[in-house]
Amino acid sequence: MGRPWQPPRPRSLLLLLLLSTLQVQGTHPDCSVILHFQKREAECLERIRSESQTPALPGQEGCPTEWDGVSCWPALPLGQSRAVACPDIPNVFKKSKGLIQRNCTEWGWSLPSPPYHSTCQLETLGSNNDTEAKAHHFVTMKVLYTCGYSMSLAALLLAIGIFSCFRKLHCTRNSIHIHFFTSFILRATAVFIKDSVLFSDESINHCTMSTVTCKAAIAFFQYSVLANFYWLLVEGLYLQTLLLLTFTCDRSYTWGYIFIGWGVPMVTVGVWVLTRLQYDDYGCWDDYSSLYWWVIKAPILLAIFVNFLIFLNVTRMLAQKIRCPDLSKTHKQQYMRLTKSTLFLIPLFGVHYVVFALFPEHVGVDARLYFELVLGSYQGFLVALLYCFLNGEVQVEIRRSWGKWQRSMESNVFNLATQDFTA
């Protein structure tokens, strides 16, 4: 027989809302630019190699295909000209309808006319002071999120230890919390691993790095982020199950929760890795301007959307219970406090992630990094605080164990004193 239903506490819904707002760290726009040119150059060089295997026929001499560092110029017969448009690259070239022309002469390709910098209107580059200020800003941000993830790791490990040590805290609800804590631990660990792989050696350009180690670090990072979002979804599903199914054996859903929390992210990341290997194996796979980034992004947005629907449904059910005439005044006040907490936290329910998802990756980079790295690094600490350290059941068990230990120590001291006196 299932245990009697108990309404979820306000802090459960607070967690459900607060902790769905984190997105994966975005690639800096400079890396996107570098990888864009690297990809275009590789395609052009492949075309050059293919044409070099086919010798030109007599009388068909001209200018071979050439990469000039910005654009790929296809082969052209002698005496003809070709024009290309300005590359459409944010943060490098402003939008321009101008064309750059090159002629095929006896001496080879002519210089681009007019030059790229005049036709394509290069974006204004910052001064050295701006560059130093940005570098200092990113260093400060790294220190802040390193401290945040370190605090989160310590708090989460302590919380898992508390839930594991006290037998009376062993239940499906706390088991789900432990999995949720573990996903935050994996996420923090993945951030540290990714930083150590990509930024440990300043002599290496992390934008052009393309090793198995760095790709594995990025894949592990994506898995930990997905698992974090899907265990948050499991928390929402379990909360709704408590409201809908009053008399049920919640253990029967445990394996389903585990599959959603760990299995779905594993399948998603597996598909993403195979897709990148097959169709977009450039750089270290941290270029989120790639079309294949949606293999990761879409499931995260889906999890947030489903969690938002769960939130609306939970709010609706609580409102119905408040309007119930048979409900006592005490229970109505409890439900009212719960509803006020949930309605107050609606704006925090993944709003910034959804807003950022509607814009290109280069838009709002500073705000995006601040939300995703600095504020997000302290979410694990917030989870441990609300689900464990401020949990009434946990506090009762800790006080009971502390009292038992004190009585045991007093008893030992008394026994030792008695032995000394009788001796």
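Here the residue index of a chain counts from 1 through its sequence in written order. Per-residue local features of the predicted model are confined to residues with pLDDT of at least 70, and side-chain atom pairs are confined, for both listing and counting, to 80 or more; whole-chain, interface and lining totals are unaffected and use all residues. For the side-chain quantities, the full set of heavy atoms in the structure was used; hydrogens and water were omitted.

If you look the chain up in an unreviewed UniProt entry, it shows as Growth hormone-releasing hormone receptor from Bombycilla garrulus. UniProt positions are given in the numbering used here, feature names are shortened, and annotations may be inferred rather than shown by experiment. The Subcellular location (unreviewed entry) comment attached to the chain in UniProt states, word for word, "Cell membrane". What UniProt states about the chain under its Sequence similarities (unreviewed entry) heading is, verbatim, "Belongs to the G-protein coupled receptor 2 family."

## Structural notes on the overall build of the chain
The helix and strand tally for the chain stands at 13 helices and seven strands. Residue exposure (1.4 Å probe, protein chains only): buried if accessible area is under 20% of the type maximum, exposed if over 50%, otherwise partly exposed. Taking all 423 residues of the chain together, 40% fall into the buried category. In this description, contact between two residues means that some pair of their heavy atoms is separated by no more than 4.5 Å. Excluding contacts between residues fewer than 6 apart, the proportion of contacts in the chain whose partners are at least 24 apart in sequence is 74%. Here the open area of atoms and residues is found with the Shrake-Rupley method and a 1.4 Å probe, where only the protein chains shown may cover a residue. Of the accessible surface of the chain, which amounts to about 23,400 Å², a share of 63% is contributed by carbon and sulfur atoms. What counts as a helix is a DSSP run of H or I of at least four residues, what counts as a strand is a run of E of at least two, and both are numbered from the N terminus.

## Focus: the state of the cysteines
Our working definition of a disulfide is a cysteine sulfur pair at a distance within 2.5 Å. Across all of its chains, the model carries three disulfides by this definition. Paired through a disulfide, cysteine 63 and cysteine 104 show a sulfur-sulfur distance of 2.1 Å. Residues cysteine 63 and cysteine 104 are joined through a disulfide that is right-handed, its torsion about the S-S bond being 100 degrees. Of the two residues, cysteine 63 is situated in strand 1 (residues 62-63) and cysteine 104 in strand 6 (residues 99-105); the sequence distance between them amounts to 41 residues. Of the two residues examined, cysteine 63 and cysteine 104, each falls in the buried class.

## Focus: the sheet that holds strand 6
One bridge is not enough; two strands pair if DSSP finds at least two bridges between them. With antiparallel pairing, three strands are arranged side by side in an open sheet as 5-6-7. Looking along the sheet, the strands with just one partner apiece sit at the ends: strand 5 (81-85) and strand 7 (108-109). Pairing analysis gives five bridges linking strand 5 to strand 6, with the strands arranged antiparallel. Paired with arginine 82 across the strands is arginine 102, a residue of strand 6.

## A few points about unusual backbone geometry
Between serine 113 and the following residue, proline 114, the backbone shows a cis peptide bond with an omega angle of -10 degrees. Looking at where proline 114 falls in the secondary structure, it is placed in the loop between strand 7 and helix 3 (116-119).

## A few points about the pattern of salt bridges
A side-chain nitrogen of Lys or Arg and a carboxyl oxygen of Asp or Glu constitute a salt bridge if their distance falls within 4 Å. Here the structure, examined in full by the defined rule, presents eight salt bridges. The salt bridge involving glutamate 46 is made with arginine 49; its shortest N-O contact spans 2.8 Å. Of this pair, glutamate 46 and arginine 49 both sit in helix 2 (residues 29-52), three residues apart, which is roughly one turn of the helix. What makes glutamate 46 partly exposed here is its relative accessible area of 46%.

## Some remarks on the packing of helix 5 (residues 172-199) against helix 7 (residues 254-279)
Closest axis-to-axis distance for the helix 5/helix 7 pair is 11 Å, and the angle between their directions is 15 degrees. In this view, helix 5 runs roughly parallel relative to helix 7, as classed from their interaxial angle. Taken as a pair, helix 5 and helix 7 cross one another with a handedness that is right-handed. In contact with Thr172, Ile176, His179, Thr182, Ser183 and Leu186 of helix 5, helix 7 contributes Thr254, Tyr257, Ile258 and Trp262. When residues are grouped by polarity, Ala, Val, Leu, Ile, Met, Phe, Trp, Tyr, Cys and Pro land in nonpolar, Asp, Glu, Lys and Arg in charged, and all others, Gly among them, in polar. A breakdown of the residues in the contact of helix 5 with helix 7 according to their chemical character gives five nonpolar, five polar and no charged. Fitted lines through C-alpha atoms give the axes, limited to the stretch in contact for helices. The angle between two N-to-C directions lies from 0 to 180 degrees. We call two directions roughly parallel when the angle between them is under 35 degrees, roughly antiparallel when it is over 145, roughly perpendicular when it lies between 65 and 115, and oblique otherwise. Left-handed describes a crossing whose near helix is turned anticlockwise from the far helix by less than a right angle; the clockwise case is right-handed.

## Observations regarding the pairing of strand 6
Every second residue of strand 6 is oriented toward a common face, the buried set being Ile100, Arg102 and Cys104 and the non-buried set Leu99, Gln101, Asn103 and Thr105. Here two bridges tie strand 6 to strand 7, and the two strands are oriented antiparallel to one another. Paired with cysteine 104 across the strands is tryptophan 109, a residue of strand 7.

## So, helix 7
Here helix 7 spans 37 Å end to end across 26 residues, near enough to the 38 Å set by a 1.5 Å rise per residue. The sharpest bend along helix 7 measures roughly 35 degrees and falls at isoleucine 260. Taken residue by residue, helix 7 has Tyr257, Gly261, Trp262, Gly263, Pro265, Thr268, Val269, Trp272, Val273, Thr275 and Arg276 as its buried positions. Buried residues along helix 7 sit against helix 5, helix 6 (212-244) and helix 8 (294-323). Expected helix span is computed as 1.5 Å times (number of residues minus one). Each residue is assigned a bend, namely the angle between axes fitted to the seven residues that terminate at it and the seven residues that start at it.

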